[in-house]
Amino acid sequence: MGLYLRPRTIEEAVAALAAHELTVLAGGTDFYPARVGRALDDDVLDVTAIDGLRGITVAGEHWRIGAATTWRDIIDADLPPLFDGLKLAAREVGGAQIQNTGTIAGNLCNASPAADGAPVLLTLDAAVVLQRAGASRTVPVGDFIRGNRRTALQAGEIMTAITVPQRTTRIASHFLKLGARRYLVISIAMAAGAIEVDDAGRITAARLAIGACSEVARRLPDLEQALIGLSIDSALAQRVRAAHFAPLAPVDDVRGSAGYRIDAAETLTRRLLSVLAGRITGAPA
Ligand SMILES: Cc1cc2nc3c(=O)[nH]c(=O)nc-3n(C[C@H](O)[C@H](O)[C@H](O)COP(=O)(O)OP(=O)(O)OC[C@H]3O[C@@H](n4cnc5c(N)ncnc54)[C@H](O)[C@@H]3O)c2cc1C
């Protein structure tokens, strides 16, 4: 390995990034597997000792998830139902060792089409905070992930947090993942969703997203729109139509054919809607 820096503050980190060409290292669970079989010659900025980069807090009207927050931190945190889907996704990322060290920012910055964090963060209207020396900007997750392994992160920038708007409405959120086996597996398809209802039990907002069925996770705007105003008791799953999945562009690969992935996405979405309705009404899905 070349240079190895492990700053204690964000200011030191961004100053180092401005001065050197450095690869950011968090949990290393994507970084190291990408370098198997070759010399480790990157100059590295390790972010795991930076004060305030880890943990979940409330900041004004938003929740703030520090970039170095691990999947285990998310599983263990005391959070409202808004985050049920994110907690379920956290439990699906690899196994216990990966969850103990892998971070939410690493998952987004690595920008794999199969990143389990991406679809659920889309359904939370999450944004990422990107800091450079002297400036910071906030970018919606949907704009941050640009393609397979492509993000909006620029040279000299570090992700410091993920922000999620607080909600005061009745809300349910959920996440479902399909892999070739139940645990420790890369996704073939994922469905994430958050549904908000008014006091009369009518849907006022629906955000649904599918992962691993396109280069980047995609929302389903036509289905979201079709759900607005419906009673949460109505058979929501029956509203799902093949046309709602038009935003997806799955690939054929070793894990599944494009046709199989679309089928899986539809089935997961139906199940997801049944679970979400059950969460709000208290009825079993
Ligand atoms: C055995 C195994 C199983 C896995 N299973 C899954 C799975 O089921 N689902 C899944 O989604 N993923 C899985 N992964 C991938 C990985 O664990 C996750 O993507 C994890 O969240 C990555 O986080 P990390 O902190 O380890 O990232 P790192 O490896 O440290 O970094 C990943 C990338 O993000 C960049 N980066 C990290 N933090 C920042 C920051 N703050 N600012 C700017 N850039 C940053 C790094 O430069 C690097 O390019 C698995 C990995 C392994 C090894």
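Residues numbered from 1 in each chain as written. Predicted model: local features only at pLDDT ≥ 70, side-chain atom pairs only at ≥ 80, totals over all residues. Heavy atoms only, no water.

## A word on the sheet that holds strand β5 (residues 62-66)
Rules: Strands pair, by our definition, only if DSSP identifies at least two bridges between them. For helices the rule is a DSSP run of H or I covering at least 4 residues; for strands it is a run of E covering at least 2, with both sets numbered from the N terminus onward. Here an angle of 0 to 180 degrees is reported between the N-to-C directions of two axes, which are lines fitted to C-alpha atoms, with helices fitted over the stretch in contact.
With respect to topology, five strands assemble into an open sheet ordered β4-β5-β10-β6-β7, the strand pairing being antiparallel. Two strands close off the open sheet at either side, each with one partner strand: β4 (56-59) and β7 (135-140). With strand direction ignored, the average angle separating the axes of adjacent strands in the sheet is 30 degrees. As judged from the five bridges shared by β5 and strand β10 (residues 158-165), these two strands associate in the antiparallel manner.

## Let's talk about the domain arrangement of the chain
Here is the rule: By convention here, the domain bounds are inherited from an automatic or database domain assignment. By definition, residues are in contact when any of their heavy atoms lie within 4.5 Å. What counts as buried area is the accessible surface, traced by a 1.4 Å probe, that two parts surrender upon association, with contributions from both included. The salt bridge definition used is simple: a Lys or Arg side-chain nitrogen within 4 Å of an Asp or Glu carboxyl oxygen. Definition of a polar contact: a pair of N or O atoms within 3.5 Å, with one able to donate and the other able to accept a hydrogen when the atoms are protein atoms, and with sequence-neighbouring residues admitted only if both atoms are side-chain atoms. Amino acids are sorted into nonpolar (Ala, Val, Leu, Ile, Met, Phe, Trp, Tyr, Cys and Pro), charged (Asp, Glu, Lys and Arg) and polar (every other residue, Gly among them).
Segmentation of the chain into domains returns domain 1 (4-165) and domain 2 (170-281). Counting residues at the interface gives 25 residues for domain 1 and 26 residues for domain 2. The junction of domain 1 with domain 2 conceals about 2,000 Å² of combined surface from both sides, 61% of it contributed by carbon and sulfur atoms. Taken as a group, Glu 92, Pro 119 and Thr 123 account for 29% of the area that domain 1 buries against domain 2, more than any other trio of residues on that side. Where domain 1 meets domain 2, there are six salt bridges. Measuring nitrogen to oxygen at the nearest pair gives 3.4 Å for the salt bridge that ties Arg 219 to Asp 125. Counting across the domain 1 and domain 2 interface gives 13 residue pairs in polar contact (both at pLDDT 80 or more). Residue assignment for the side of domain 1 that touches domain 2 shows that the elements contributing at least two residues are α3 (84-92), α6 (117-123) and β8 (145-147). Across the side of domain 1 that touches domain 2, the residue classes tally to 13 nonpolar, six polar and six charged.

## Regarding α3
Note the cut-off: Using a 1.4 Å probe on the protein chains alone, a residue whose accessible area is under 20% of its type maximum counts as buried, one over 50% counts as exposed, and one in between counts as partly exposed.
For α3, the full list of buried residues reads Gly 85, Leu 86, Lys 87, Ala 89, Ala 90 and Glu 92. Looking at the buried positions of α3, the neighbouring elements they touch are β5, α2 (71-76), α4 (96-101), α5 (104-110), α6 and β11 (170-178). Once α3 ends, the next one or two residues include Gly 94, with phi positive near 55 degrees.

## Observations concerning the pairing of strand β12 (residues 189-197)
Burial within β12 is extensive, with nine of its nine residues counted as buried. What you see with β12 is no split at all: Ala 189, Ala 191, Gly 193, Ile 195 and Val 197 on one side and Met 190, Ala 192, Ala 194 and Glu 196 on the other are buried throughout. Bridge analysis of β11 against β12 gives nine bridges, and the strand direction is antiparallel. Directly across from Arg 170, in β12, lies its bridge partner Val 197.

## Quick notes on helix α9 (residues 258-281)
Our working rule: Residue count minus one, scaled by 1.5 Å, sets the expected span of a helix.
With 24 residues, α9 extends 35 Å between its outermost C-alpha atoms, agreeing within 8% with the 34 Å of an ideal straight helix rising 1.5 Å per residue. A positive backbone phi angle near 85 degrees is found at Gly 282, which sits one or two residues after α9.

## Notes on empty space enclosed by the protein
Quick reminder of the rule: Only protein atoms enter the calculation, which uses a 1 Å grid: trapped sets of points that fit a 1.4 Å probe without letting it out are cavities, open sets showing protein on both sides within 12 Å along at least five of seven lines are pockets, and any residue with an atom within 4 Å of a point is a lining residue. Grid points are joined across faces, edges and corners, and a volume is the space filled by probe spheres set on the points.
Counted by the stated rule, this structure contains one cavity of 30 Å³ or more. Approximately 30 Å³ is the volume attributed to the largest cavity. As for the largest cavity, its lining consists of Ser 112, Pro 113, Ala 115, Ala 118, Pro 119, Ile 145, Glu 215, Val 216 and Ala 217. Counted by class, the lining of the largest cavity contains seven nonpolar, one polar and one charged residues. Each of domain 1 (4-165) and domain 2 (170-281) gives at least three residues to the lining of the largest cavity.

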